[in-house]
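Spelled out, the chains give:
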Amino acid sequence: MTPPGAAAQARAGGRPTGCRDISLEVTQRCNSRCLSCNTWRYQRGGLAGQPTDRGPELDLAEHLAVIRDARTMGVASVELHGGEPSLCKHLPQLVRACSDAGLTTHFATNGLHYTRALVRALIGAHLGGLRFSLDGVGKDHDRLRGVAGAYDRLVRTMGMFVAADTDRAVGKSIRTNVSSANLARIDRVLDVAREIGIDTVTIAFHACVSDEVVRETNELFGEAIASLRSAVPATLLPTDVRVIARQQQALQEKARRLQIALTNTQFLLQPPEMVPRGIKRPHRGPCRDVYGKCVIDAFGDVYPCETLRFRLGNVREMPLERILAGDRYRQFIGTYEAHRAKLRICDYCCESL
């Protein structure tokens, strides 16, 4: 069925996007200092090199306007993105507004900033899903997250959600990003999941984007659009293929024994020469997110995806549906389709894991 917004976009002269999913950055602020992410370095700025101060972040009324637009367009789900979403003071109101509008909501969290009252409020607002970012056990996690005591605080938060969600209405999972610092002990996250009562774990490589790929992407589009979020040291990627092979078997065996659903371990199946570069998408076909998703950052700028931050417009200046029907969207699609085979930045996008 054609989304309600598609006909309006066609009448406006734009190519219908069929946008079904929105990533709404509720705040760019973050209380982690992760080695694998630069978001915290660019607070109040743009992740593709925009000015360092673009005014205040969107407030509750502006977020609610976006949600109304999303409902009109036939959007199905909204990821409440960050930064760290729990630092947004009106997060429960946003979850409630989305659920009242029939939109599924989910977000990822570092688990540092939670009280029992916040946990109850989010569950009561009908949050759809929650993904806890756990990059190891104890000091492994703390080192990669750049915050002392981060592991203990996250474990406490996960326990609060499991205890409070008596109806098991919120889908809960753990995502672990593999790095050179945690690979040898990566299977221990399954023990944590089992102990807490979370039965789904995702294991994935970091996406490490080189300066060369950033420059190459910007040249293809004629402006600075490559996300700097993942432009982190390649030394984070493990290179010992023998250790990776051993951990693959250990993970699979332990997951079966503990009855945990283990997802997205395809990074372990890559040819050895690809391991130092991260996981590569298995084909070079068009990315579904480019046509079916959009990203709205904390200051209202709209992008086609997190990796290609080609500014389409701002929701403070016009409704989201008009932005996705505008000239900038057509310009982006034209350039993307002309150069898709050359976009190495897309080959290592963590959104494809």
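Every chain is numbered on its own, with residues counted from 1 as its sequence reads. Local features are withheld for residues below a pLDDT of 70 in this predicted model, meaning they are given only at 70 or higher, and side-chain atom pairs are given and counted only at 80 or more; totals for whole chains, interfaces and linings count all residues. Hydrogens and water molecules were not included; the side-chain quantities draw on all heavy atoms of the structure.

Novice: Looking at this model, I keep getting lost on the overall build of the protein. Mind explaining?
Specialist: Numbered from the N terminus, helices here are DSSP runs of H or I no shorter than four residues, and strands are runs of E no shorter than two. Along the protein, the regular secondary structure elements total 13 helices and ten strands. Burial here depends on accessible area, computed with a 1.4 Å probe over protein chains only, as a share of the maximum for the residue type. Under 20% is buried, over 50% is exposed, and the range in between is partly exposed. Considering the protein as a whole, with its 353 residues, one finds that 56% of them fall into the buried category. For accessible areas, the Shrake-Rupley method is used with a probe of radius 1.4 Å. Any residue's cover is judged against the shown protein chains and nothing else. Summed over its atoms, the accessible surface of the protein is roughly 15500 Å², and 51% of this surface lies on carbon and sulfur atoms.

Novice: What's the story with the sheet that holds strand 3 (residues 104–109) in this structure? I'm lost.
Specialist: Hydrogen bonds between backbone atoms are what pair the strands of a sheet, whose relative direction is either parallel or antiparallel. Paired strands are those between which DSSP finds at least two bridges. Pairing is mixed across the open sheet formed by ten strands, whose spatial order is 7-6-5-4-3-2-1-8-9-10. Looking at strand neighbours, the two that pair on one side only are strand 7 (261–263) and strand 10 (313–314), the edges of this open sheet. Any pair of residues with heavy atoms lying within 4.5 Å of one another is described as a contacting pair. Axes here mean lines fitted to C-alpha atoms, for a helix over just the part in contact, with angles spanning 0 to 180 degrees between N-to-C directions. Of the strands in this sheet, strand 4 (129–133) and strand 5 (171–178) touch helix 6 (residues 150–164), which is tilted by about 160 degrees from strand 4.

Novice: Would you mind going over helix 12 (residues 327–339) with me for this structure?
Specialist: Helical geometry note: an α-helix holds 3.6 residues per turn, so side chains three or four residues apart project in the same direction. Spanning 13 residues, helix 12 covers 18 Å between terminal C-alpha atoms, matching the ideal 18 Å at 1.5 Å per step. On the buried face of helix 12, the contacting elements are helix 8 (211–221), helix 10 (288–292) and helix 11 (320–323). By this rule, a helix spans an expected 1.5 Å times one less than how many residues it contains.

Novice: Help me understand the packing of helix 3 (residues 91–100) against helix 4 (residues 116–124) in this model?
Specialist: To describe two helices that pack against each other, one gives the angle between their axes and the distance between the axes. Between helix 3 and helix 4, the shortest axis-to-axis distance is 8 Å and the interhelical angle comes to 10 degrees. With respect to their mutual orientation, helix 3 and helix 4 come out roughly parallel. Touching Leu-91, Pro-92, Val-95 and Arg-96 of helix 3 are Leu-118, Ala-121, Leu-122 and Gly-124, all from helix 4. Classification used: nonpolar for Ala, Val, Leu, Ile, Met, Phe, Trp, Tyr, Cys and Pro, charged for Asp, Glu, Lys and Arg, polar for all others including Gly. Looking at the contact of helix 3 with helix 4 residue by residue, the classes come out as six nonpolar, one polar and one charged. An angle below 35 degrees is read as roughly parallel, one above 145 as roughly antiparallel, one from 65 to 115 as roughly perpendicular, and any other as oblique.

Novice: What is the right way to read helix 2 (residues 60–73) from this model?
Specialist: Here helix 2 spans 20 Å end to end across 14 residues, near enough to the 20 Å set by a 1.5 Å rise per residue. The set of residues buried in helix 2 consists of His-63, Val-66, Ile-67, Ala-70 and Met-73. Each buried residue of helix 2 sits inside an arc of 125 degrees when the element is viewed along its axis, so together they form one side. Away from its buried face by more than 90 degrees, helix 2 exposes Ala-61, Arg-68 and Arg-71. You can read the cap of helix 2 off the contacts: a side-chain oxygen lies 3.2 Å from the backbone nitrogen of Ala-61, and it is on Asp-59. Positive phi appears at Gly-74, one or two residues downstream of helix 2, with a value of about 85 degrees. Relevant arc is that of directions from the helix axis to the C-beta atoms, nothing else. We call two N or O atoms a polar contact when they sit within 3.5 Å, provided that within protein one can donate a hydrogen and the other can accept it, with sequence-adjacent residues counted only if both atoms are side-chain atoms.

Novice: What should I look at first to understand the side chain of Ser-227 in this one?
Specialist: Relative to the helices and strands, Ser-227 is located in the loop between helix 8 and helix 9 (241–258). Judged by relative accessible area, Ser-227 falls into the buried class, the value being 5%. Polar contacts involving the side chain of Ser-227 include one to the main-chain amide nitrogen of Arg-229, which spans 3.2 Å. Contacts of Ser-227, omitting those with residues within four sequence positions, involve Leu-47, Glu-306, Thr-307 and Arg-309.

Novice: Would you explain the pattern of salt bridges in this entry?
Specialist: Working definition: two side chains of opposite charge can pair if their charged atoms are close together. In what follows, salt bridge is the name for a side-chain nitrogen of Lys or Arg lying within 4 Å of a carboxyl oxygen of Asp or Glu. Applying the stated criterion to the full structure yields 19 salt bridges. Glu-216 is the partner of Arg-344 in a salt bridge, and the nearest nitrogen-oxygen pair spans 2.9 Å. With Arg-344 in helix 13 (residues 344–347) and Glu-216 in helix 8, this residue pair connects regions lying 128 residues apart in the sequence. A relative accessible area of 25% means that Arg-344 is categorised as partly exposed. Classification of Glu-216 as partly exposed rests on a relative accessible area of 23%. In this structure, Arg-328 and Glu-223 form a salt bridge, with 3.0 Å as the shortest nitrogen-oxygen distance. Within this pair, whereas Arg-328 is found in helix 12, its partner Glu-223 is found in the loop between helix 8 and helix 9, the two being separated by 105 residues in sequence. A residue is classified by how much of its surface remains accessible, and Arg-328, at 25% relative accessible area, is partly exposed. For Glu-223, a relative accessible area of 27% corresponds to the partly exposed category. When salt bridges with common partners are traced through the structure, they connect Arg-54, Asp-297, Asp-301, Arg-311 and Glu-317 into a single cluster.

Novice: Sorry if this is basic, but what is going on with unusual backbone geometry here?
Specialist: What is expected of a backbone is that most residues other than glycine have negative phi and most peptide bonds are trans. Omega for the bond connecting Gly-82 with Gly-83 falls within 30 degrees of zero, at 25 degrees, which places this linkage in the cis form. With respect to the secondary-structure elements, Gly-83 resides in the loop between strand 2 (77–81) and helix 3. At His-126, a position not held by glycine, the phi torsion is positive, near 70 degrees. By the secondary structure assignment, His-126 is in the loop between helix 4 and strand 4. The backbone phi angle of Arg-168 is positive, close to 55 degrees, even though this residue is not glycine. The exposure class of Arg-168 is exposed, given its relative accessible area of 64%.

Novice: Before we go on, may I ask you to explain the packing of aromatic side chains in this structure?
Specialist: Aromatic rings in a pair are described by how distant their centres are and how their planes are angled relative to each other. Aromatic contacts are taken between Phe, Tyr and Trp rings whose centres are within 6.5 Å, Trp giving its six-membered ring; a plane angle under 30 degrees counts as stacked, one over 60 as edge-to-face, and the others as tilted. One pass over the structure, following the stated rule, counts seven aromatic pairs. Pairing Phe-221 with Phe-310 gives two aromatic rings, centres 6.0 Å apart and planes at 55 degrees, and the pair type is tilted. With Phe-221 in helix 8 and Phe-310 in the loop between strand 9 (301–303) and strand 10, this residue pair connects regions lying 89 residues apart in the sequence. Both residues of the pair, Phe-221 and Phe-310, belong to the buried class. Aromatic rings pair up to connect Phe-221, Tyr-291, Phe-310, Phe-332 and Tyr-336 into one cluster. Over the face of the ring belonging to Tyr-303 we find Arg-309, whose NZ or CZ atom lies 4.4 Å from the ring centre. Counted as over-ring charges are cases with an Arg CZ or a Lys NZ within 6 Å of the ring centre that also lie within 35 degrees of the ring normal.

The analysis is restricted to geometry; functional conclusions fall outside its scope.
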